[in-house]
Amino acid sequence: MDEVRLIEVKEDILSDNKAQADGLRISLKAEKSFLMNLMSSPGAGKTTLLMKSIAKIKDDVKVGVMEADIDSKVDAEKLVAQGISAIQLRTGGFCHLDANMVTKGLEAMDVKGLDLIIIENVGNLVCPAEFDTGAVLNVMLLSVPEGDDKPLKYPLMFTVCDVLIVTKMDYLSLSDFDLNAVRERAKKLNPNIKIFEVSAKTGEGLDDWTDWLKNEVTTFGK
Amino acid sequence: MHELPVTEKILDIIVAHAERNNVQKVVTINLNIGELSDLEDEWIQNYFDYLAKGSVAEGAKLVIEKVPVVMNCNGCSNTFQVDIKEMKEMQCPDCDSKDYTLISGKDYYIKNMEVV
Ligand SMILES: Nc1nc2c(ncn2[C@@H]2O[C@H](COP(=O)(O)OP(=O)(O)O)[C@@H](O)[C@H]2O)c(=O)[nH]1
Ligand SMILES: [Mg+2]
Ligand SMILES: [Zn+2]
């Protein structure tokens, strides 16, 4: 019998993706295009928030959206109907986007001149957290009806996000959602996380979020 | 949930190293995977068995070592391990600070492989 030998491999499984994401960040920086990655559970309100937010900033910031919801064209169509430039990625049932898919998506998009490109990631709190998309800002949306225990169940998502937006705040009085508990749990996982509270339905809190975003995008483009 | 793409990546890396090292057969692959990742070990092995058919790594066993979540305290530079089930109660055991940075727990790493 042949002798068993040990070969050192020492490779990070996600390093190719990370390298590609870093490359994307460099080329987008040169183009002065700010790439934002929006993640949440299905139905948390990503598309709705995007439509409302873009309406507020579109006079100052040129925005494009890359839709990655699983095999549905509905979201991109909704955005296009509002005059927002959007493309639908076909993720073929994939549970997340990686830097390669985003690169291909950007090629299919007319990126030149866009100040802000937003990825609506696949609705899922697990997988998208593990794959760097090349975004400079990772935003997670948590809707009030989902409950305040999400940070405990999906800790990785909270550690990779720069911003947490608690949405559907109009449901707050109807639920036992504990906002302070969420703030505290999220800060424990990620002390630097920035938290906004909004309702895309009533418009509550939206300006705080869009003013902040607009400022980030403008600063980035300087 | 994305065991499949991760497994494909593992196989690619293993096959590349096997070619470079004149390997006839890969017997065992030793991996480090962080506790924060949600991969099911059993599924990775199942996908691997399927994908590796006909390759130098056919039949290889994946041995997964879970890497604990470790934080570095920004208050006193102490490092401490965290039980993922207790992440809501986290603070530095030395100075009680709640300001810390994650230093491990997101790992996806192939350490080595045993081959003939
Ligand atoms: N009450 C309320 N409903 C909302 C809010 N935001 C989104 N929704 C509703 O939630 C549902 C899912 O929203 P959608 O934007 O498609 O979620 P996505 O799957 O994350 O893109 C839709 O019926 C929206 O009208 C909100 O702030 N308040
Ligand atoms: Mg949507
Ligand atoms: Zn400390």
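Residues numbered from 1 in each chain as written. Chains lettered and ligands numbered in written order. Predicted model: local features only at pLDDT ≥ 70, side-chain atom pairs only at ≥ 80, totals over all residues. Heavy atoms only, no water.

1. Remarks on the sheet that holds strand S2 (residues 61-67) of chain B
Here we have four strands laid out as an open sheet, ordered S1(A)-S6(B)-S1(B)-S2(B), and mixed in their pairing. Looking at the sheet topology across the chains shown, the edges are occupied by strand S1 (5-12) of chain A together with S2 of chain B. Sheet twist, expressed as the mean angle between neighbouring strand axes with direction ignored, is 20 degrees. Across six bridges, S1 of chain A lies against strand S6 (residues 108-115) of chain B in antiparallel orientation. When the bridges of S6 of chain B are listed, Glu-8 of chain A appears paired with Asn-112 of chain B. (Pairing = 2+ DSSP bridges. Helix = DSSP H or I, 4+ residues; strand = E, 2+ residues; numbered from the N terminus. Axes fitted to C-alpha atoms, helices over the stretch in contact; angles between N-to-C directions.)

2. Some details on the nonpolar core
Grouped together as the largest cluster of nonpolar side chains are 30 residues, with contacts concentrated most on Met-140, Met-157, Leu-164 and Val-166 of chain A. In this view, Met-157 of chain A contacts Met-39, Asn-124, Leu-125, Pro-128, Ala-129 and Met-140 of chain A; residues no more than four positions away in its chain are not counted. (Core = buried A, V, L, I, M, F, W, Y, C linked by side-chain atoms within 4.5 Å. Buried < 20%, exposed > 50% of the residue type's maximum accessible area, 1.4 Å probe, protein only. Contact = heavy atoms within 4.5 Å.)

3. A few points about the coordination of the zinc ion (ligand 3)
Residues and elements named next belong to chain B. Cys-73 (SG), Cys-76 (SG), Cys-92 (SG) and Cys-95 (SG) make up the full set of protein donors to the zinc ion (ligand 3), lying at 2.3 to 2.4 Å. Taken together, the four donor atoms coordinating the zinc ion (ligand 3) span angles of 107 to 114 degrees at the metal, a pattern that classifies the geometry as tetrahedral. Sequence positions of the residues that donate to the zinc ion (ligand 3) give the spacing C-x2-C-x15-C-x2-C. (Donors = N, O, S within 2.8 Å, 3.2 Å for Na, K, Ca; no water. Tetrahedral: all angles 85-135°; square planar, octahedral: opposite > 155°, others 65-115°.)

4. What to know about helix H1 (residues 15-31) of chain A
All names here are of chain A. With 17 residues, H1 extends 24 Å from end C-alpha to end C-alpha; this agrees with the ideal 24 Å at 1.5 Å per step. When H1 is considered as a whole, its buried residues turn out to be Asn-17, Ala-21, Leu-24 and Leu-28. Taken end-on, H1 shows its buried residues confined to a sector of 60 degrees, consistent with a single buried face. Facing away from the buried side of H1, by more than 90 degrees, are the exposed residues Ile-26 and Ala-30. Just downstream of H1, Lys-32 is the residue with a positive phi angle, here 60 degrees. (Expected span 1.5 Å × (residues − 1). Arc of directions from axis to C-beta.)

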